[in-house]
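# Fold and geometry: a report
Take a look at the letters that make up each chain.
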Number of protein chains: 2
Amino acid sequence: MRQVYLDNAATTPLLPEVREAMLPYLGELFGNPSCLHSWGDAAREAVERAREQVAQLIGAEAEEIIFTGSGTESNNFAIKGLALAQQAKGKHVVVSAVEHFSVLYSARTLEKWGFELTLVPVDKYGVVDPDEVRRNLRKDTILVSVMHANAEVGTIEPIEEIARITRENGILFHTDAVATAGTIPVKVKELGVDTLSLAGNQFYGPKGVGALWVRKGVRIIPLLDGGVQEGGRRAGTENVPAIVGLGKAAELARMDMPARIKHLTHLRDRLLTELPRKIERVVVTGHPQNRLPGNASFCVEFIEGESMLMWLNSQGVAVTSGSACTSRALKASHVLLAMGLPHALAQGSILFTLGLDNTDEDIDYVLEVLPPIVDRLRQMSPLYAKFTKAGKGGK
Amino acid sequence: MRQVYLDNAATTPLLPEVREAMLPYLGELFGNPSCLHSWGDAAREAVERAREQVAQLIGAEAEEIIFTGSGTESNNFAIKGLALAQQAKGKHVVVSAVEHFSVLYSARTLEKWGFELTLVPVDKYGVVDPDEVRRNLRKDTILVSVMHANAEVGTIEPIEEIARITRENGILFHTDAVATAGTIPVKVKELGVDTLSLAGNQFYGPKGVGALWVRKGVRIIPLLDGGVQEGGRRAGTENVPAIVGLGKAAELARMDMPARIKHLTHLRDRLLTELPRKIERVVVTGHPQNRLPGNASFCVEFIEGESMLMWLNSQGVAVTSGSACTSRALKASHVLLAMGLPHALAQGSILFTLGLDNTDEDIDYVLEVLPPIVDRLRQMSPLYAKFTKAGKGGK
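Not measured: the values here are computed from a predicted model.

## A few points about helix 3 (residues 71-86) of chain B
For helix 3 of chain B, with 16 residues, the first-to-last C-alpha span of 22 Å sits near the 22 Å given by 1.5 Å per residue. Of all 16 residues making up helix 3 of chain B, 16 are buried, and the element is well covered by its neighbours.

## Let's talk about the side chain of Ser 297 of chain B
All names here are of chain B. Looking at the secondary structure, you find Ser 297 in strand 10 (residues 295-300). In this structure Ser 297 comes out as buried when scored by relative accessible area, which is 2%. A distance of 2.7 Å separates the side chain of Ser 297 from the side chain of Thr 285, its partner in a polar contact. At 3.4 Å, the side chain of Ser 297 forms a polar contact with the side chain of Asn 295.

## Brief notes about the sheet that holds strand 4 (residues 116-120) of chain B
Residues and elements named next belong to chain B. Across the sheet, 7 strands lie side by side as 2-8-7-6-5-3-4; this open sheet has mixed pairing. Lying at the two open borders of the sheet, with one neighbouring strand each, are strand 2 (65-68) and strand 4. Each neighbouring strand pair of the sheet contributes to a mean axis angle of 20 degrees, computed without reference to strand direction. Here strand 3 (residues 92-96) runs beside strand 5 (residues 141-145); their pairing, made up of 4 bridges, is parallel. Its bridge partner lying in strand 5, His 92 is registered against Thr 141. The strands that helix 2 (residues 38-57) touches are strand 2, strand 7 (195-199) and strand 8 (210-214); relative to strand 2, the one it contacts most, it runs at about 115 degrees.

## Some thoughts on the pattern of salt bridges
Pairing is possible between side chains that carry opposite charge, provided their charged atoms lie close to one another. Residue and element names in this part refer to chain A. Scanning the model with the defined rule gives 44 salt bridges over all chains in all. A salt bridge links Asp 364 to Arg 270, with the nearest nitrogen and oxygen atoms 2.6 Å apart. Residue Asp 364 is located in helix 13 (residues 360-379), and its partner Arg 270 is located in helix 9 (residues 240-278); the two are separated by 94 residues in the primary sequence. Judged by relative accessible area, which is 38%, Asp 364 ranks as partly exposed. Glu 280 serves as the salt-bridge partner of Arg 378, at 3.9 Å between the closest nitrogen and oxygen. Here Glu 280 lies in the loop between helix 9 and strand 9 (282-284) and Arg 378 lies in helix 13, a separation of 98 residues in the sequence. We classify Arg 378 as buried; its relative accessible area is 2%. Connected via shared salt-bridge partners are Arg 270, Glu 274, Asp 360 and Asp 364.

## Some points on the relation of the copies chain B and chain A
It takes a turn of 180 degrees to lay chain B on chain A, together with a shift of 0.0 Å along the axis; the resulting RMSD is 0.0 Å. On the angle and the small slide along the axis, the relation comes out as a two-fold axis. Among all residues of chain B, the minimum C-alpha distance to the rotation axis is found for Gly 69 of chain B, at 3.0 Å. With an isologous cut-off of 70% or more, the 100% of interface residues of chain B that recur at the interface of chain A puts this contact in the isologous class.

## A closer look at helix 4 (residues 101-112) of chain B
All names here are of chain B. Compared with the 16 Å implied by 1.5 Å per residue over 12 residues, the 16 Å span of helix 4 between its first and last C-alpha is a close match. Listing the buried residues of helix 4 in full gives Phe 101, Ser 102, Val 103, Leu 104, Ser 106, Ala 107, Thr 109 and Leu 110. Its buried side turned inward, helix 4 meets helix 3, strand 3, strand 4, strand 5, strand 6 (172-176) and helix 11 (334-338). Count one or two residues on from helix 4 and you reach Gly 114, which has phi positive near 100 degrees.

## Comments concerning the sheet that holds strand 10 of chain B
All names here are of chain B. If you walk across this open sheet you meet the 3 strands as 9-10-12, and the pairing is antiparallel. Each of the sheet's edge strands pairs with one partner strand only, and the pair in question is strand 9 (282-284) and strand 12 (349-353). Each adjacent strand pair in this sheet contributes to an overall mean axis angle of 25 degrees, direction not counted. Those strands touched by helix 9 (residues 240-278) are strand 9, strand 10 and strand 12, and its axis lies near 20 degrees from that of strand 10.

## Some thoughts on the environment of Gly 40 of chain B
All names here are of chain B. Looking at where Gly 40 falls in the secondary structure, it is placed in helix 2. For the pair Gly 40 and Phe 30, spaced 10 residues apart in the sequence, the C-alpha separation amounts to 8.4 Å. Those residues in contact with Gly 40, other than ones at most four positions away along the chain, are Asn 32, Pro 33 and Cys 35.

Conventions adopted
Residues numbered from 1 in each chain as written. Chains lettered and ligands numbered in written order. Predicted model: local features only at pLDDT ≥ 70, side-chain atom pairs only at ≥ 80, totals over all residues. Heavy atoms only, no water. Helix = DSSP H or I, 4+ residues; strand = E, 2+ residues; numbered from the N terminus. Expected span 1.5 Å × (residues − 1). Buried < 20%, exposed > 50% of the residue type's maximum accessible area, 1.4 Å probe, protein only. Polar contact = N/O pair within 3.5 Å; in protein donor to acceptor, adjacent residues only side chain to side chain. Pairing = 2+ DSSP bridges. Axes fitted to C-alpha atoms, helices over the stretch in contact; angles between N-to-C directions. Contact = heavy atoms within 4.5 Å. Salt bridge = Lys/Arg side-chain N within 4 Å of Asp/Glu carboxyl O. Least-squares fit on C-alpha atoms with pLDDT ≥ 70 in both.

In structure tokens form, the structure reads like this:
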């Protein structure tokens, strides 16, 4: 059976060049970068080279990059670390309603610590209105966090405009760029933010590594206390092989980005246009234009996303019905609900996230196997039966 | 030139079997364990197998193991997470003066959050007196943390006895077993603790992965908020290759432990007995008997540990002068100072930590190259000149 992986938002595979770059550091170059001998030197040089590579990807200075263990850790570090560092100035934090749970629940933790939280709503495409951010700022607002793009619906947010507002008001601005760094151009100076998160396994680098970019001069309280690694801002022995892999992945992403975007956009647009022609009552979710090149997200009426996912899996196709981090919770996506989708429709969410390995044949295959799955599931749906009886639809 | 790595406390190399076990997960088995399709299933099964392997190493239940990104993260998680979960009962925390900085500075962070901290002293061998712990307990004490063994001086602490005291008083007890798990027998039920940290790169597993064992029923507040991974207690995409490597390393450590201990103890005892015969005014630090099998630590009078380290490095020998996590700080070790060593002597610290690859020839080589290095450095030492002039020593 054909195997088609369309869940690249959950994680991408390693590029062979990335794996090759990592292997020596899983072998004889096993030193601890903090050590003052030759083994340590080799490891330290590799980490510093990777730091340069990551910095170049986002147009930053190497010393502004802090390596972490994941995008989730980077977001926890930013939200908690910036808020704690600023708390003498005020205790109000503003985040968008469609943030990844690592931002949203970090902000919830701040509430337990005595901070106040405002969630900024989004429109039906999942877009944060910068004026809405402005309206929610207060004298005691110390931090705003809006993601660069939403991995579930692909919508890219107007970060530059929001950054202008936070800057005018002297408020720190974090953006979660886990879905965009390494995928579309991300330049910290153009975005105008103060801190930015990214993760290796989102652009063909390894799991177990992320980075937080912290603009020079911005104070942040460490999340992990201990040794003096990462300039005293993130304790713990550096995960050298993964950091090397992240650096290599950053270098490759920077060089290949235009070709990658072209490839992914072509496949995405096929799904976005052809799937609704093959299946009735399908809604494209997210912004029609300003969306990630590899993201094709839909809601299919009258059926559960998880059922489609399971049936597609039995046909060799990997997709998801929302974020990987929440798939085990089997709840309707907070992103779709924030966009105003009815609960029942949000349950029918299905998300295709394309990768470099995908081909037109993969798309042909999905367009062939999905419609009969939807038909079969709808035959079993009481809601669909009611709907067709009422004469409002049906083939 | 002979290459002799004697800095295994900083990090061990990967065993070839561990690397082999990891490679498929850096290749086609790249899935995200949270995903509900076949790619996710394969990753999830691998993570759960590793969880069993780690649980077996320490005599625990698989569901009590939480994978983290490092020993440092495990310690931060335990100290902060247990204290925050217990704060309604009291805000007093007791830790030993010789803890790793990931415990010590996490406890310092608790102080900033309004907790009170008591440091329990150690004797000249670095041993915590259980009665000293008992004397420092208060009505509002909620947490005690004493490490299983100290990586810098090798001393193994009387954890069982301390655990009896904390249990009698209904107080939670964390032990940092990063230096012992996978090296000497560590059984959580025998130790009687409530939580226990370990790290992969301490026993021939990978960097970038650790674990926190949390006894069933013990409440802990997550350090990393976000997705529902690790039973909702540690968010972030699982570092599958590293977790698989940790599991394999745990399995190998469990099987080979007696042979490993015998090998390391033999080499260690050669250093502990022969080095002081070859170099005058050398002090063995740590406990004479209750010490880690691979730890030979000394203080050499009249010279700086870092100078010895650099000269040994030029001879192909990797050692350290204290903990890797603090080597860049170039301060006298807080462990040696807590043991009552004079500051000047503590500056002359040199630490050999042996590994499975080391041989008798390695020890011969060190015993050959170190004495002339010490001689040369002492010739340059004003303190040594003063000492010899006073007629109190000299060859």
